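Single-letter residue listing:
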Amino acid sequence: MSRIEQLIDEIEEYIDSCKYQPLSTTKILVNKEELEELLVELRLRIPDEIKQYQKIISNQEAILSEARSQADTMVAEATAQTNELVNEHEIMQRAYANANEVINQANIQAQGIVDKAVEDANNIRQGSIQYTDDMLRSLQTIINHTMEGAKGRFDAFLSSMQSSYDIVSSNRNELAGGIAQNPPVNGGRSEEQGR
């Protein structure tokens, strides 16, 4: 198991171990530092594993080179056999036929080796691309889950603030009815009392 897979397992175990947010069965409380440490290590590990897969893919050239070398050796052997067979005039025709058959067989075998090497290299390449995509999909799921949790906590916080704001506004409106009117001018005496 690669270190990336281990980290993803650790992140999943960590998420499973987190407590649920009060009054929720889907939202959890996450220790930001712990989750960030795991994500940082995951980010650091991904390039190393991708380099390993690129190294495997680069071996494709070595496999193809070896196949070509084997093919060249077979052709050289066939040519050598041809040269030996044509030494005598009477067996020249048979020698050419034999040599051509050997060359054809060598070419068929060489092409088979090259085709197999290309197929193997392509399979390795596809496997490494699929693996990397699976790792990135897992990381994407974790990030999305974390973002949804953070949004839920933020929405709950805004809802709580709105509720508090509504209570304060309601209390102020109740108090507004009980505030005394400003006293009349002239010391509280009406015009008739002043006369």
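Above this note sits the structure.
Presented here is an overview of the structure given in this document. (Residues numbered from 1 in each chain as written. Predicted model: local features only at pLDDT ≥ 70, side-chain atom pairs only at ≥ 80, totals over all residues. Heavy atoms only, no water.)

1. Digging into the overall build of the chain
To be explicit about the condition: Think of it this way: any DSSP run of H or I at least four residues long counts as a helix, any run of E at least two long counts as a strand, and we number them from the N terminus. Should any heavy atoms of two residues lie within 4.5 Å, those residues are counted as being in contact. With residues, only the protein chains shown are counted as cover, and all accessible areas are computed by Shrake-Rupley using a 1.4 Å probe.
Counting its regular elements, the chain contains four helices and zero strands. Within the chain, contacts between residues separated by at least 24 positions form 69% of all contacts whose residues are at least 6 apart in sequence. Approximately 14900 Å² of the chain is accessible, and the part contributed by carbon and sulfur atoms is 53%.

2. Digging into the nonpolar core
When a protein is soluble and globular, its nonpolar side chains tend to lie buried together. The test is simple: Among the buried residues, those of types Ala, Val, Leu, Ile, Met, Phe, Trp, Tyr and Cys that are joined through side-chain atoms within 4.5 Å form a nonpolar core. For each residue, the accessible area found with a 1.4 Å probe, counting protein chains only, is set against the maximum for its type, and the residue is called buried under 20%, exposed over 50%, and partly exposed in between.
Formed by 18 residues in total, the largest nonpolar core has its most connected members in Ile4, Ile11, Leu39 and Leu42. Beyond its immediate chain neighbours, meaning those up to four positions away, leucine 39 contacts Ile11, Leu139 and Ile142.

3. A look at helix α1 (residues 3-17)
Here is the rule: What a helix is expected to span follows from its residue count: subtract one and scale by 1.5 Å. In this context, the arc is that of the directions from the helix axis out to the C-beta atoms.
Between its first and last C-alpha atoms α1 spans 21 Å; for 15 residues at 1.5 Å apiece the expected length is 21 Å, and the two agree. Among all positions in α1, only Ile4, Leu7, Ile8, Ile11, Tyr14 and Ile15 are buried. Taken end-on, α1 shows its buried residues confined to a sector of 120°, consistent with a single buried face. The outward face of α1, more than 90 degrees from its buried face, is lined by the exposed residues Glu13, Asp16 and Ser17.

4. Description of unusual backbone geometry
Even without glycine at this site, leucine 23 takes up a positive phi of about 65°. Mapped onto the secondary structure, leucine 23 falls in the loop between α1 and α2 (32-85).

5. A look at the environment of glutamate 34
You can see glutamate 34 is positioned in helix α2. Given a relative accessible area of 39%, glutamate 34 falls into the partly exposed group. Measuring from C-alpha to C-alpha, the distance between glutamate 34 and tyrosine 14 comes to 8.7 Å, with 20 residues separating the pair along the chain.

6. Focus: the pattern of salt bridges
Here is the rule we go by: In the sections that follow, a salt bridge refers to a side-chain nitrogen of Lys or Arg positioned within 4 Å of a carboxyl oxygen of Asp or Glu.
Counting across every chain of the model gives five salt bridges. For the salt bridge of aspartate 120 with lysine 116, the shortest nitrogen-to-oxygen distance reads 2.8 Å. One end of the pair is aspartate 120 and the other is lysine 116, both in helix α3 (residues 92-178) and four residues apart, which spans about a single turn. The class for lysine 116 is partly exposed, based on a relative accessible area of 46%. Of the charged contacts in the structure, one is a salt bridge between aspartate 133 and arginine 137, with a shortest N-O distance of 3.4 Å. Here aspartate 133 and its partner arginine 137 are both found in helix α3, four residues apart, which amounts to about one turn of the helix. The partly exposed category is assigned to arginine 137, whose relative accessible area is 44%. Members of the salt-bridge network, linked through shared partners, are Asp133, Asp134 and Arg137.

7. Focus: the side chain of serine 24
Selection rule: N or O atoms closer than or at 3.5 Å make up a polar contact, with two conditions inside protein: a donor-capable atom paired with an acceptor-capable one, and, for residues adjacent in sequence, both atoms drawn from side chains.
If you trace the backbone, serine 24 turns up in the loop between α1 and α2. In terms of polar contacts, serine 24 uses its side chain to reach the backbone amide nitrogen of threonine 26, at 3.2 Å.

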